Amino acid sequence: MALRHAVMAALLEGEASGYDLSKGFDASVANFWMATPQQLYRELDRMEAAGLISARVVEQERRPNKRLFSLTEAGLAAVHAYTAEHTSKPTTIRDELMVKVQSVDAGDADAVRAAVAERLEWARTKLARYERLRAKLLDGRTEEQHLAEAERVGPYLTLLRGMAFERENIRWSETALQVLASRTASRTASHG
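Residues numbered from 1 in each chain as written. Predicted model: local features only at pLDDT ≥ 70, side-chain atom pairs only at ≥ 80, totals over all residues. Heavy atoms only, no water.

Draft legend 1. Up close: the nonpolar core. V7, L11, L21, L44 and I53 are the most contacted members of the largest nonpolar core, which totals 15 residues. A per-element tally of this core places helix α1 (residues 3–11) first, with five residues. Sequence-distant contacts of I53, defined by excluding residues within four places in its chain, comprise L11, L44, M47, E48, F69, S70, L71 and T72. Residues L120, L127, Y130 and L159 belong to the second largest nonpolar core, which totals seven residues. (Core = buried A, V, L, I, M, F, W, Y, C linked by side-chain atoms within 4.5 Å. Buried < 20%, exposed > 50% of the residue type's maximum accessible area, 1.4 Å probe, protein only. Helix = DSSP H or I, 4+ residues; strand = E, 2+ residues; numbered from the N terminus. Contact = heavy atoms within 4.5 Å.)

Shown next as structure tokens:
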């Protein structure tokens, strides 16, 4: 998958500025695609040059003018073509923390525990943000009502996946911290 596919998916929500997309990435597609603002703006320029999106300038007082992007017919056709491709492969995980955990027995156990604790807090923060987004999407409706009435269900389904991912990060981090703490305690007791 390329960044442009994630941008097109985000633009299905409607017209947005680069800033809005950057913030929206953090709240919506960040659970499955990460991009820096610089990468996003470069991709927007390439997509506009390719005719996948169009931009209109909105003049603002006291602020620089902003460009609002929307999908063109060619962009919508590209979304359709992308979703029709049979190339979805399982995710490959490259997680530096897992390498550190794998090496903990020969490494700095305190530093690894601190890194796992940091991951735990990050996951809790992301899950709380995702839960707020879910409540906003549901807007007082049950999940069943939302899925039956919503114009689009994709954002909700990817949000559920992001929530499940962060719940698993929390569960794993708590387990890892317990194991590392009990191992340190038992080693301290045997040396003391």
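Resuming the write-up.
Draft legend 2. Focus on the pattern of salt bridges. Overall, the coordinates contain 17 salt bridges when judged by the stated rule. For R183, the salt bridge is made with D105, and the minimal N-O distance between the two is 3.4 Å. Taken as a pair, R183 in helix α8 (residues 154–191) and D105 in the loop between α5 (96–102) and α6 (109–138) lie far apart in primary sequence, 78 residues in all. Take R183: its relative accessible area is 37%, and that puts it in the partly exposed class. Where R113 meets D110, a salt bridge forms, and the shortest distance between an N and an O atom there is 2.1 Å. (Salt bridge = Lys/Arg side-chain N within 4 Å of Asp/Glu carboxyl O.)

Draft legend 3. Quick look at the pairing of strand β3 (residues 66–71). Judged from the two bridges that link them, strand β1 (residues 16–17) and β3 form a sheet pairing that is antiparallel. The partner of A16 across the bridge, within β3, is F69. Where strand β2 (residues 53–58) meets β3, six bridges bridge the pair, whose relative direction is antiparallel. Among the inter-strand pairings, S54 is bridged to a residue of β3, identified as S70. (Pairing = 2+ DSSP bridges.)

Draft legend 4. Examining the sheet that holds β3 more closely. Reading across the sheet, the three strands line up as β1-β3-β2 and stay open at both edges, with antiparallel pairing between neighbours. At either margin of the open sheet sits one strand with a lone partner, and together these are β1 and β2.

Draft legend 5. Broad picture of α6. In this model, α6 (30 residues) spans 43 Å end to end at C-alpha, consistent with the 44 Å of a helix rising 1.5 Å per residue. Regarding α6, the residues found buried are V112, R113, V116, R119, L120, A123, K126, L127, Y130 and L138. With a side-chain oxygen positioned 3.2 Å from the backbone nitrogen of D110, the residue opening α6 is D108. The positive-phi residue at the C-terminal boundary of α6 is D139, with phi of around 50°. (Expected span 1.5 Å × (residues − 1). Polar contact = N/O pair within 3.5 Å; in protein donor to acceptor, adjacent residues only side chain to side chain.)

Draft legend 6. Layout of helix α3 (residues 37–49). The end-to-end C-alpha separation of α3 is 18 Å, in line with the 18 Å expected for 13 residues at 1.5 Å each. Turning to α3, its buried residues number three or more, namely L40, E43, L44 and M47. For α3, the buried positions fall inside an angular range of 105° around the axis, keeping them on one side. Of the exposed residues in α3, the ones pointing more than 90 degrees away from its buried face are Q38 and A49. One or two residues past the end of α3 sits G51, with phi positive at roughly 80°. (Arc of directions from axis to C-beta.)

Draft legend 7. Spotlight on the confidence of the model for the protein chain. When pLDDT is averaged along the protein chain, the result is 88; 92% of the residues meet or exceed 70. The least confident element of the protein chain, judged by mean pLDDT, is helix α2 (residues 18–27) at 76; the most confident is helix α7 (residues 143–149) at 95. (pLDDT = per-residue confidence, 0-100.)

Draft legend 8. Looking closely at the environment of E118. Relative to the assigned elements, E118 resides in helix α6. Along the backbone, E118 and G154 are 36 residues apart, and their C-alpha atoms lie at a distance of 30 Å.

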